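Each chain, letter by letter, is given below.
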Amino acid sequence: MQNDIPKGMTYPPGTPTQADMSAEIADIRENRPTSSDPNWGAHRTLIDYPPYRSSILRHPSANLELVDPETIELHSPAFGHRDVHWTEYDLTQQVNGEPQGERIVVTGRVTDADGRPARHQLLEIWQANAGGRYRQKKERHPAPLDPNFNGVGRTITNENGEYTFVTIKPGPYPWGNHQNAWRPAHIHFSVFGNQFTERMVTQMYFPGDPLMPLDPIFQSITSEKGQKSLIADYDHDVTVPDWALGYRWNIVLNGSNRTWFESVDGPEEEH
Amino acid sequence: MTNGKLYPTADQTVGPYYAIGMSYDGMEEVVPHGSVGSITLTGYVYDGNGAPVNDAVVEIWQPDAQGNIPQESGGIVRKVDSFSGFGRSGSDDEGRYQFTTVLPGATEEGKAPFFAVIVFARGLLARLHTRIYLPGPATDADPFLQRLEPARRATLIATPVEGGFRHDIHLQGEKETVFLAFN
């Protein structure tokens, strides 16, 4: 007798399969823009990336206009302990009880490309719970909400640009981009640097996640280095005995796209 | 790593659930509603078909009306007696964002004041920097704006409306906003 599992949802005819999507991803990767393409230097994440269907109408077609940053852009908004309560770094202690799932520590350092720390700057994170469910009305994934997990954290980096969060390892979650589409487990990070030019939002991934090669959002970065920049390292020195596994993820901010373009994306990138 | 530079972390979209992590009370009020000298800065975010983008985040960062760069903390929890210069607005179902703020003052001789702006959205894989200038002689004479073709220049200049200014952001298409990369 066969054990019974749900069939999953039925997609409208013509909805691409994962195989279709993987072929599109491979094709772009093979023909990816090189450093001679003006858009490439500006966005190592390709903004014109059709496999992520929602991006098709939401990216500018013109090249970015290269400008000298002016005074305001060379400064950053100021945040401090008035803005963030010191307990907000711990996503497992924000409701009454302990959330379900695998407790983890995520720590790292925020710097610019020269290694200068982003001191006393705001980090905001949000994520799905252990079952892959976000606490938001629009969310349709039939996984349980966890009454003890909001999935939101904030902190201010210290003098050295270092941050630490305690949270639950998020689960992968399904989305409607194509048939049987699943996002790899990830934590969203909103980051401020020492200049407004460096302000960014990104996602942190976990090493070894089998969904990363299949995911159009992750694959919108076509270089290996760029992809690696989003994957945390498992760090046994961060792991706390009898309590939580530890991950280290350093964030390097990029205010001047041109600096990156000329000095970091050397020819060794093109292999 | 080349030339001693660290490899920068790549951008990713804010995704559909940014409001979980990027919301706080009063984030659209750079200054309180109705305070002396306050204006409204509002507009719509559109995609390449002219459809409203109802899940964008627009942030502004600006000097005060005298051109001073805010240096005090309070970006999230405002202090009544100081100006943080930072605001954030999630677009609504019609694609509309809105701020209550003050006019930015000039910070550099011979250059027009502006709101520094950054846009994030579901479907937008990386941040987009832009600026919002205000119509007037300083903007007419601004060297950066002068080098843009008139149609592109116009995408960076707000339109006066009652109580403030309106400025639409087109992510793509004929009226596509000029977005910036920095030297």
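Residues numbered from 1 in each chain as written. Chains lettered and ligands numbered in written order. Predicted model: local features only at pLDDT ≥ 70, side-chain atom pairs only at ≥ 80, totals over all residues.

This brings us to the overall build of chain A. What chain A contains, in helices and strands, is five helices and 12 strands. Scored against the burial criterion, the 271 residues of chain A give a buried share of 42%. Expressed as a percentage of contacts within chain A between residues at least 6 apart in sequence, the contacts between residues at least 24 apart total 73%. (Helix = DSSP H or I, 4+ residues; strand = E, 2+ residues; numbered from the N terminus. Buried ≥ 20, exposed ≤ 12 C-beta atoms within 10 Å, placed from the backbone. Contact = placed C-beta atoms within 7 Å.)

With that settled, the discussion passes to the overall build of chain B. A count of helical and extended segments in chain B gives four helices and 10 strands. Each helix (α) and strand (β) of chain B, taken in turn from the N terminus, gives the series α-β-β-β-β-β-β-α-α-α-β-β-β-β. Here the C-alpha atoms of chain B give a radius of gyration of 17 Å, agreeing with the 16 Å that 2.2 N^0.38 yields for 183 residues. When the 183 residues of chain B are sorted by exposure, 53% land in the buried category. Here the contacts in chain B between residues at least 6 apart in sequence split such that 70% fall between residues at least 24 apart. (Rg over C-alpha atoms; globule rule 2.2 N^0.38 Å.)

Overall, the predicted model of chain A reaches an average pLDDT of 89, with 90% of residues at or above 70. A low-confidence stretch, residues 258-271 of chain A (pLDDT under 50), is modelled with 26 contacts involving residues beyond four sequence positions or located in other chains. (pLDDT = per-residue confidence, 0-100.)

This part is about unusual backbone geometry. All names here are of chain A. Residues other than glycine seldom take positive phi values, yet N180 does so here, at roughly 55°. Mapped onto the elements of the fold, N180 is located in the loop between β6 (173-175) and β7 (181-183). C-beta crowding within 10 Å serves as the criterion here: with 14 such atoms nearby, N180 is assigned to the partly exposed category. A positive phi angle is found at D242, which is not glycine, with a value near 60°. Relative to the assigned elements, D242 resides in the loop between β10 (233-234) and β11 (245-248).

The subject of this paragraph is the sheet that holds strand β8 (residues 186-191) of chain A. All names here are of chain A. An order of β4-β3-β8-β9 is seen for the four strands of this open sheet, with the pairing classed as antiparallel. Single-partner strands in this sheet number two, and they are β4 (152-156) and β9 (200-205). Each neighbouring strand pair of the sheet contributes to a mean axis angle of 20°, computed without reference to strand direction. Two strands pair when backbone bridges link them, and strand β3 (residues 122-127) and β4 are joined in this way by five bridges, in the antiparallel orientation. Following the sheet pairing, E124 is matched in β4 by R154. (Pairing = 2+ DSSP bridges. Axes fitted to C-alpha atoms, helices over the stretch in contact; angles between N-to-C directions.)

Turning to the interface of chain A and chain B, a few remarks are in order. Contacts between the two partners involve 76 residues from chain A, matched on the other side by 62 residues from chain B. Ranked by residues supplied to the side of chain A that touches chain B, first place goes to helix α5 (residues 257-264) of chain A with five residues.

Now for the nonpolar core. Residues and elements named next belong to chain B. Within the largest apolar cluster, 104 residues are counted, with the highest numbers of intra-cluster contacts made by V45, V119, F120 and Y133. No other element matches the eight residues that strand β5 (residues 114-121) contributes to this core. Look past the residues within four positions of V119 in its chain and what remains in contact with it is A56, V58, L128, T130 and I169. (Core = buried A, V, L, I, M, F, W, Y, C linked by C-beta atoms within 7 Å.)

Turning next to the confidence of the model for chain B. Taken as a whole, chain B shows an average pLDDT of 94; of its residues, 98% reach a score of 70 or greater. Here the prediction assigns the complex a pTM of 0.94, and the interface score ipTM is 0.96.

A few words on the environment of I72 of chain A. Mapped onto the elements of the fold, I72 of chain A is located in the loop between β1 (65-67) and β2 (103-112). On the neighbour-count criterion, I72 of chain A (25 C-beta atoms within 10 Å) is buried. C-alpha of I72 of chain A to C-alpha of Q2 of chain A: the two residues are 70 residues apart in sequence and 65 Å apart in space. Among residues more than four places away in sequence, those in contact with I72 of chain A are F196 of chain A together with W61, Q62, P63, I69, T107 and A116 of chain B.

The side chains of a regular strand alternate, residue by residue, between the two faces of the sheet. Residue and element names in this part refer to chain B. Counted residue by residue, strand β6 (residues 128-133) has six buried out of six residues, so it is predominantly covered. By the alternation rule, side chains of β6 split into L128, T130 and I132 and H129, R131 and Y133, which are all buried. Sheet topology places β5 next to β6; six bridges connect them, and they run antiparallel. Residue pairing for β6: V119 is matched across the bridge by L128. A loop of six residues connects β5 with β6, the two strands running antiparallel in sequence, and G123 in this loop sits at a positive phi of about 85°.

Looking now at the environment of V102 of chain B. All names here are of chain B. Turning to its location among the elements, V102 is positioned in the loop between β4 (96-101) and β5. Overall, the presence of 20 C-beta atoms within 10 Å leaves V102 in the buried class. Sequence separation between V102 and Q62 is 40 residues; the distance between their C-alpha atoms is 9.1 Å. Aside from chain neighbours lying at most four places away, what touches V102 is V31, G37, S38, I39, D64 and A65.

When you line up the elements, F79 of chain A lands in the loop between β1 and β2. Of the residues examined, F79 of chain A has 23 C-beta atoms within 10 Å and is grouped as buried. Once residues lying within four places of it in the same chain are set aside, the contact partners of F79 of chain A are V84, H120, Q121, L122, I156 and F192 of chain A together with S73, G75 and I76 of chain B.

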